[in-house]
Amino acid sequence: MLKTFSIGGIHPSDSKISKDCKIEVLPLPSKVYISVAQHLGAPATPIVKPGDAVKVGQVIAEPAGFISAYVHSSVSGTVKSVGPRKDLAGNNMTHIEIDVEGDEWAEGIDLSDTLVTAIPEDNKAILEKIKLNGVVGLGGATFPAHVKLCPPPGKKADCLILNGAECEPYLTSDNRIMIERSKEIVVGAAIMKQVLGGCPAVIGIEENKPEAIAAMTAAVAELQKTAKGYDGISVMTLKKKYPQGGEKQLIDAVMGRQVKSMGLPIDVGAVVQNVATSLAVYEAVQKNMPLITNVLTVTGDCVPMEKQHNYKFRIGMPLSYIAEYAGGIPEQAVKIVSGGPMMGKAIANLDATTVKGSSSLLYLTAEQTVRKAESACIRCGKCAEACPMGLEPFLLQKYARHNMTDELEENAVQDCIECGCCLYSCPANIPLLDIIRIAKGDVIKIIRGRAAKK
Amino acid sequence: MERLIVSPSPHLHTKTSTKSLMRDVVIALLPAVVVSVLFYGWSELLVLGTSVASCVLLEYLITKYLLKKACTVGDWSAVVTGVLLALNLPSTTPWWVVFIGAVVAIGVAKMTFGGLGQNLFNPAIAGRVFLLISFPTYMTDWTRPQGFIGGGLDTITGATPLGAYAEGGVSAISEISSLDLLFYNIGGSAGELSAIALIIGFVYLLARKVIRPYITLSILVSVAAFSGIFWAINPEVYTGPGFNLLTGGLLLGSIFMATDYVTSPMSNLGGVIYGFGIGVITMLIRYFGAYPEGVSFAILIMNSVVPLINKWCHAKKYGRA
Amino acid sequence: MTQTIIWTIAIITILGALLAVVLYVVAEKFKVEEDPRIDEVEKVLPGANCGGCGQAGCRAFAQYCVESSPNLDRCFCPVGGNEGMQKVAAVLGVEVAVKEPQVAVVRCNGTCANRPRTNEYGGYQSCRVKAALYSGDTGCSFGCLGCGDCVAACQFGAITMNPETGLPVVDEEKCTACGACVKACPKAIIELRNKGKRNMRVFVSCVNKDKGAVARKACSAACIGCGKCAKVCPFEAITVENNLAYIDFAKCRLCKKCVAECPTGAIHAVNFPVVKPKPEAPAAPKPAANVTPSAANVISSEVEKSQTNKKEE
């Protein structure tokens with residue numbers, strides 16, 4: 001019996017159309033615009049000015065706070081400007097504009113393909129490398145990786161969970177890297193496991209990716225045979241259910257533990273990292289390669305098979321450039337999503353550029369995505385049945401519409417993970433999550449305010 | 001593609017809609033409808049037609065002219081109410097009595113509360129109970145009209161098994177076998193005819209994930225347990241579980257009416273409590289009440305408790321003991 | 001028979017007396033000591049319970065007034081206005097300064113014609129939800145989102161959405177300047193401004209802080225921060241900060257010079273008396289080419305008016 005999380009969840013069609021498309025490398029555009037806010041936390045501070053010559057992998061912005069990250073140039077060339085540019089959502093954010101000239105890499109970066117399996121012994125040096133190379137979580141939240149790998153004093157990691165669930169429909173980038181870069185991912189896992197004090201590591205993959213499961217299992221077996229420090233790593237096949245890749249759900253599925261409300265995974269001894277993050281950790285530690293590339297899926301029902309792609313991109317490439325290169329925007333597409341269809345962001349501005357956490361250009365058709373008119377709640381309870389946190393969205397939205405913050409807090413609106421299961425499953429098309437998301441923000445602000453007062 | 005659409009996530013949506021759910025309920029009722037028409041013939045068709053037509057028409061008129069809001073007939077909920085009301089009435093009911101039932105169901109029980117989703121009581125049951133109290137003669141006239149098939153199958157003319165038991169005790173129903181009850185009931189309202197037809201509908205609803213099984217099973221188990229205990233104490237006076245499960249409107253009520261989304265609890269635990277209440281009240285009325293049958297009263301009574309159950313019973317939350 | 005009646009009367013009387021005693025004791029025991037002036041103040045308040053004063057309701061406001069008496073500077077009931085506050089002051093036997101009457105002003109001129117839509121919003125129709133998601137369905141990331149949160153927030157029915165422009169319209173008669181809409185607007189577009197002499201007001205109807213070219217590209221009636229208005233203002237009432245002009249209503253003397261100077265028509269003058277344009281009046285400076293005809297008319301007539309005013313001066 002395959003494991004999965006215990007509460008709620010939904011089964012949308014997984015639509016992994018591009019799962020067999022090999023990763024292709026995108027050519028460099030003539031210009032890149034690198035955002036200083038590619039991670040959760042404070043935007044980084046630019047340290048270059050117009051006219052500066054930069055190389056690939058050179059630091060161009062420094063962290064501005066504990067929860068922040070380095071940003072590196074993804075190209076070589078000249079800095080053209082540093083200033084506001086509209087991001088994915090159309091809001092102004094500081095971008096560093098660089099004119100691309102050649103492809104000259106900064107010194108000290110190992111560009112060879114050789115697999116380095118020997119893990120450095122100094123954990124501090126490893127963490128420093130992860131931090132200096134700007135590694136952030138690539139599962140969606142882009143939380144700085146080194147922060148997550150340093151459990152607060154008094155807390156110990158019992159298990160490192162590598163998230164290869166990729167439960168979002170359509171996305172196949174994690175699937176591809178697990179097939180094509182399996183050994184690197186396992187080395188990354190071994191590195192993180194060592195930093196965390198040698199706890200076991202479990203790579204959780206959903207059953208709909210048999211190739212990835214086979215590749216990862218083989219990679220683990222081979223590395224365990226040929227190198228040291230790879231004991232305690234295993235692959236776990238999980239039942240297909242959305243949102244398996246949610247941090248809290250994955251911990252429940254793999255370890256059978258549940259994180260307390262407003263708590264952190266480390267409270268129950270878990271550290272969750274995406275497989276793509278693991279790859280980035282490998283490159284940062286073993287190759288001294290900063291996080292300037294990632295893999296992105298170009299897909300959608302309305303995209304013909306030959307135009308489905310998994311691209312290795314460099315940060316700062318305009319999305320419109322990628323869309324153009326992949327063969328243009330399909331006729332029937334009415335919405336382009338960056339990220340999965342359940343939690344991704346609809347793109348308001350295609351001139352926005354790729355960031356560390358970009359994972360897709362997903363084209364959706366009107367039939368798939370246009371919301372139907374809202375009708376009366378028939379109290380079917382399908383939203384509550386679907387909620388992986390065991391909340392009652394029908395109730396929360398009612399309280400939220402009347403601004404009843406006390407009741408909202410009592411009914412745990414702050415636990416909402418915004419997975420979208422409620423809105424997905426509502427037969428009356430009630431914009432449950434739209435309303436609940438705002439209320440959650442309000443309630444968390446109240447809770448934080450109260451905690452600060454104490 | 002002229003301008004891109006931008007909206008908050010999620011960007012996909014289930015194909016299930018209020019309309020598709022209601023249509024599934026109607027489809028699940030079809031076996032029972034077919035059986036009743038076959039056995040009761042033209043008069044049953046008249047009752048069904050009047051009931052569905054008047055429910056839909058009333059909802060249309062009320063939303064359009066009284067409430068002056070968007071018409072909700074398209075969601076099929078009025079059709080469900082119409083079919084359920086018809087299956088709850090004897091096939092001999094005059095058309096005007098059926099119409100009054102529809103007025104109470106749609107006009108009073110549903111629309112005065114604000115329409116679909118707002119009503120406290122199941123409209124079809126409210127309509128049926130109103131008719132049962134107001135027109136007892138029509139509502140207990142079980143003389144069987146000539147159906148399309150099976151004209152000579154009845155063993156007890158003019159009374160339902162439960163009615164016979166209420167009047168004559170256990171000895172009056174000794175001739176009825178469970179097998180008879182399973183395939184075609186003897187006398188009774190249209191929807192009580194065939195247990196098999198109703199169970200087929202139940203399986204369909206479960207397979208389509210329209211309803212969860214907790215409420216229905218809770219009712220059936222509690223009826224079986226309650227009658228089992230009494231039967232074991234004194235089989236001379238009390239009817240057994242098999243008889244109680246298969247007679248009357250128990251299956252119709254527990255599968256189609258108690259599971260009505262709007263008037264039943266939202267949580268699984270709440271559903272079990274609600275079902276238990278219905279089962280026990282049904283059996284209390286059957287054994288000790290003045291009426292031979294108590295399912296509709298039980299559901300109505302438990303409907304009124306649903307807000308309280310909803311308040312007490314919540315789903316288990318992640319990470320909270 | 002008689003005896004029954006007597007018994008009944010007696011029992012009822014005794015019961016009544018007993019209950020009266022109980023009621024009295026309970027009332028005494030659980031009496032809440034409250035300043036009687038709170039009741040009196042509450043009586044002269046409008047009773048709208050709108051929260052415009054910043055308190056939970058009229059009673060809370062009355063309590064707040066009583067507590068802060070004799071200094072009522074921080075208490076103001078926008079619904080009752082100065083008149084109401086005078087009454088409150090009279091009840092409390094103190095003096096209160098007269099405040100300028102204010103009105104809610106929508107500082108966005110991004111009509112459907114001025115500000116082309118760049119995408120379609122497909123989520124829940126709420127400005128808060130929309131603002132949390134992205135910059136909005138036009139090129140302007142500062143302007144009105146048009147979902148009507150302000151309309152819903154207004155307790156007095158003073159705000160309606162104009163379907164043609166897609167912008168909210170404030171009914172000056174009904175507006176009590178309670179500020180609920182100001183709080184509701186996630187883009188901080190609505191501002192409470194002094195009503196001005198005979199309701200005449202001049203204000204910058206834009207909150208866009210983008211650079212001129214960007215702002216202009218997004219909306220033809222945007223403030224581009226050119227600073228011409230600030231230069232022409234004789235009273236130093238206009239400041240330009242972050243590419244956006246702001247007119248201090250306390251300093252503005254309603255000369256309307258800035259209105260004529262603004263190249264995009266972002267500065268609005270409202271409620272000025274309409275003066276028939278004189279035939280010999282010089283042609284108005286060319287309004288922005290792509291300003292809507294109606295807006296252009298308003299601007300040119302305003303310009304003429306201002307020129308007339310100048311002559312009168």
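Residues numbered from 1 in each chain as written. Chains lettered and ligands numbered in written order. Predicted model: local features only at pLDDT ≥ 70, side-chain atom pairs only at ≥ 80, totals over all residues. Heavy atoms only, no water.

Q: Explain the overall build of chain C here, please?
A: Tallying secondary structure elements over chain C gives eleven helices and nine strands in all. If you take every contact in chain C between residues at least 6 apart in sequence, the share linking residues at least 24 apart comes to 59%. Within the structure as shown, chain C displays about 17,100 Å² of accessible surface, and the carbon and sulfur contribution to it stands at 57%. (Helix = DSSP H or I, 4+ residues; strand = E, 2+ residues; numbered from the N terminus. Contact = heavy atoms within 4.5 Å. Areas by Shrake-Rupley, 256 points an atom, 1.4 Å probe, with all protein chains shown as cover.)

Q: What is the right way to look at helix α4 (residues 123-134) of chain B in this model?
A: Note that an α-helix has 3.6 residues per turn; residues three or four places apart therefore point the same way. All names here are of chain B. The terminal C-alpha atoms of α4, which comprises twelve residues, lie 16 Å apart, in line with the 16 Å expected from a rise of 1.5 Å per residue. Counting buried positions over the twelve residues of α4 gives nine, a clear majority of the element. Those residues of α4 not exposed but buried are P123, A124, I125, A126, G127, R128, V129, L131 and L132. Check the buried side of α4 and you find it contacts α2 (77-87), α3 (95-110), α5 (136-139), α11 (250-257) and α13 (295-312). Two to three positions downstream of the cap, the backbone nitrogen of A124 sits 3.0 Å from a side-chain oxygen, assigning the N-cap of α4 to N122. (Expected span 1.5 Å × (residues − 1). Buried < 20%, exposed > 50% of the residue type's maximum accessible area, 1.4 Å probe, protein only. Polar contact = N/O pair within 3.5 Å; in protein donor to acceptor, adjacent residues only side chain to side chain.)

Q: Whenever I open this one, the interface of chain A and chain B confuses me. Can you help?
A: Interface size is commonly expressed as the accessible area that is lost once the parts come together. Across the boundary between the two partners, chain A contributes 63 residues, which contact 35 residues of chain B. Among the residues of chain A in contact with chain B, I378(A), R379(A) and Y424(A) are the three that bury the most area, contributing 17% of the side total. Applying the counting rule to chain A against chain B returns three salt bridges. Between D415(A) and R320(B) there is a salt bridge whose closest N-O contact spans 2.8 Å. Linking chain A with chain B are 24 residue pairs in polar contact (both at pLDDT 80 or more), by the criterion used here. Examining the composition of the side of chain A that touches chain B, we find that five residues originate from one element, strand β15 (residues 333-338) of chain A, more than from any other. For the side of chain A that touches chain B, the residue count by class is 33 nonpolar, 15 polar and 15 charged. (Buried area = accessible area lost by both parts, 1.4 Å probe. Salt bridge = Lys/Arg side-chain N within 4 Å of Asp/Glu carboxyl O. Nonpolar A, V, L, I, M, F, W, Y, C, P; charged D, E, K, R; others polar.)

Q: I'm lost on the interface of chain C and chain B in this one. Help?
A: The partner chain B presents six residues to the ten residues of chain C that form the contact. Buried surface at the junction of chain C and chain B, summed over both partners, amounts to about 680 Å²; 66% is from carbon and sulfur atoms. The interface formed by chain C and chain B holds one salt bridge in total. Residue R3(B) is joined to E120(C) by a salt bridge in which the shortest nitrogen-to-oxygen separation is 2.8 Å. Applying the counting rule to chain C against chain B returns four residue pairs in polar contact (both at pLDDT 80 or more). Taken together, the elements giving at least two residues each to the side of chain C that touches chain B come down to β2 (119-121) and α5 (127-133) of chain C. Tallying contributions element by element places β2(C) first for the side of chain C that touches chain B, with three residues. Inspection of the sheet shows strand β1 (residues 4-6) of chain B paired to β2(C) by three bridges, in the parallel sense. Across the sheet, L4(B) pairs through a bridge with N119(C), a residue of β2(C). (Pairing = 2+ DSSP bridges.)

Q: Before we go on, may I ask you to explain the environment of I205(A) in this structure?
A: Residue and element names in this part refer to chain A. Structurally, I205 is set in strand β10 (residues 201-206). Taking relative accessible area as the criterion, I205 reaches 0% and is therefore assigned buried. Not counting chain neighbours up to four residues away, the residues in contact with I205 comprise G164, A165, M178, A212, I213, M216, V235, M236, T237 and L238.

Q: Just checking my understanding: could you explain the pattern of salt bridges for this structure?
A: Think of it this way: side chains of opposite charge can pair up when their charged atoms draw near. One pass over the structure, following the stated rule, counts 35 salt bridges over all chains. The salt bridge involving R208(B) is made with D24(B); its shortest N-O contact spans 3.0 Å. With R208(B) in the loop between α8 (195-207) and α9 (214-233) and D24(B) in helix α1 (residues 18-66), this pair connects stretches of sequence that are 184 residues apart. On the accessibility criterion, R208(B) (47% relative accessible area) is partly exposed. Connected through salt bridges with shared partners, the residues K156(A), D158(A) and R257(A) form a single ionic network.

Q: Is there a simple way to explain the domain arrangement of chain A in this structure?
A: Residues and elements named next belong to chain A. As assigned here, chain A comprises domain 1 (123-286) and domain 2 (382-453). Between domain 1 and domain 2, the C-alpha centre-to-centre distance is 29 Å. The partner domain 2 presents eight residues to the six residues of domain 1 that form the contact. Interface of domain 1 and domain 2: buried area, both sides summed, is about 650 Å²; carbon and sulfur atoms make up 66% of it. Together, Y242, Q249 and M262 form the three largest contributors to the area buried by domain 1 at its contact with domain 2, with a combined 61%. Linking domain 1 with domain 2 are zero salt bridges, by the criterion used here. Joining domain 1 to domain 2, the criterion identifies three residue pairs in polar contact (both at pLDDT 80 or more). Counted by class, the side of domain 1 that touches domain 2 contains three nonpolar, two polar and one charged residues. (Domains from an automatic or database assignment.)

Q: Help me understand empty space enclosed by the protein, please; the structure alone is not making it clear to me.
A: Unoccupied space between atoms shows up once a probe the size of one water molecule is rolled over them. Residue and element names in this part refer to chain B. Applying the stated criterion across every chain yields a total of 13 cavities of 30 Å³ or more. Estimated volume of the largest cavity: approximately 270 Å³. Along the wall of the largest cavity there are 21 residues; nearest its centre are M22, V80, F256, D260 and Y261. A total of four residues in the lining of the largest cavity trace back to one element, the largest contributor, which is α2. (1 Å grid on protein atoms, 1.4 Å probe; cavity = no way out; pocket = protein on both sides within 12 Å on 5 of 7 lines; lining within 4 Å. Points joined across faces, edges and corners; volume = space filled by probe spheres on them.)

Q: Explain the environment of N274(A) to me, please; I cannot follow it from the model alone.
A: All names here are of chain A. Mapping N274 onto the fold places it in strand β12 (residues 270-274). Classification of N274 as buried rests on a relative accessible area of 7%. Sequence-distant contacts of N274, that is, excluding residues within four places in its chain, are made with L138, G139, L162, N163 and D174. A polar atom in the side chain of N274 sits 3.4 Å from the side chain of D174.

Q: In this structure, what is going on with the confidence of the model for chain C? I would like to understand it.
A: One rule of thumb: low pLDDT means the predicted coordinates there are not for detailed reading. Residues and elements named next belong to chain C. With 88% of its residues at a pLDDT of 70 or more, chain C has an overall mean of 83. Contacts of residues 281-313 to residues separated by more than four positions or lying in other chains number 32 contacts, the stretch itself having pLDDT below 50. Our summary of model confidence lists the complex with pTM equal to 0.85 and ipTM equal to 0.90. (pLDDT = per-residue confidence, 0-100.)

Q: Mind showing me how you'd approach the packing of helix α12 (residues 268-288) of chain B against α13(B) here?
A: The relative placement of two packed helices is expressed as an angle between their axes plus a distance between the axes. Residues and elements named next belong to chain B. Following both chains from N to C, one finds α12 and α13 inclined at 150°, their axes separated by 8 Å at the closest point. One way to sum up the angle between α12 and α13 is to call them roughly antiparallel. Seen along the crossing, α12 lies across α13 with a hand that is right-handed. Mapping the contact onto sequence places G270, I273, Y274, G277, I278, I281, T282, I285 and R286 in α12 and V295, F297, A298, I299, I301, M302, N303, V306 and I309 in α13. (Axes fitted to C-alpha atoms, helices over the stretch in contact; angles between N-to-C directions. Parallel < 35°, antiparallel > 145°, perpendicular 65-115°, else oblique. Left-handed = near helix turned anticlockwise from the far one by under 90°.)

Q: Would you explain the sheet that holds strand β7 (residues 77-86) of chain A in this entry?
A: Residue and element names in this part refer to chain A. The four strands lie next to each other as β2-β8-β7-β4, forming an open sheet whose pairing is antiparallel. Either end of the sheet is taken by a strand with one partner, and the two such strands are β2 (31-35) and β4 (53-54). Two elements, β2 and strand β8 (residues 92-100), share five bridges in a ladder whose sense is antiparallel. Note on β8: the bridge partner recorded for S35 is H95.

Q: For this particular structure, what's the right way to read the sheet that holds strand β14 (residues 309-314) of chain A?
A: Two strands in a sheet stick together by hydrogen bonds in their backbones, pointing the same way (parallel) or opposite ways (antiparallel). Residue and element names in this part refer to chain A. The strand order β1-β14-β13-β17-β15-β16 describes an open sheet built from six strands, whose pairing is mixed. Edge positions in the sheet fall to β1 (23-25) and β16 (345-346), since each has one partner strand and no second. Of the strand pairs in this sheet, β15 and strand β17 (residues 360-365) are connected by four bridges, and their pairing is antiparallel. Residue pairing in the sheet places A333 in a bridge with T365 of β17.

Q: Explanation requested: the packing of helix α2 (residues 36-44) of chain C against helix α4 (residues 81-92) of chain C in the structure shown.
A: All names here are of chain C. Look at α2 against α4: their axes get within 9 Å of each other, and the N-to-C directions meet at 155°. Between α2 and α4, the interaxial angle falls into the category roughly antiparallel. For the pair α2 and α4, the sense of crossing is right-handed. Of the residues in α4, those in contact with R37, E40, V41 and V44 of α2 are K87, V88, V91 and L92. Looking at the contact of α2 with α4 residue by residue, the class counts come to five nonpolar, no polar and three charged.

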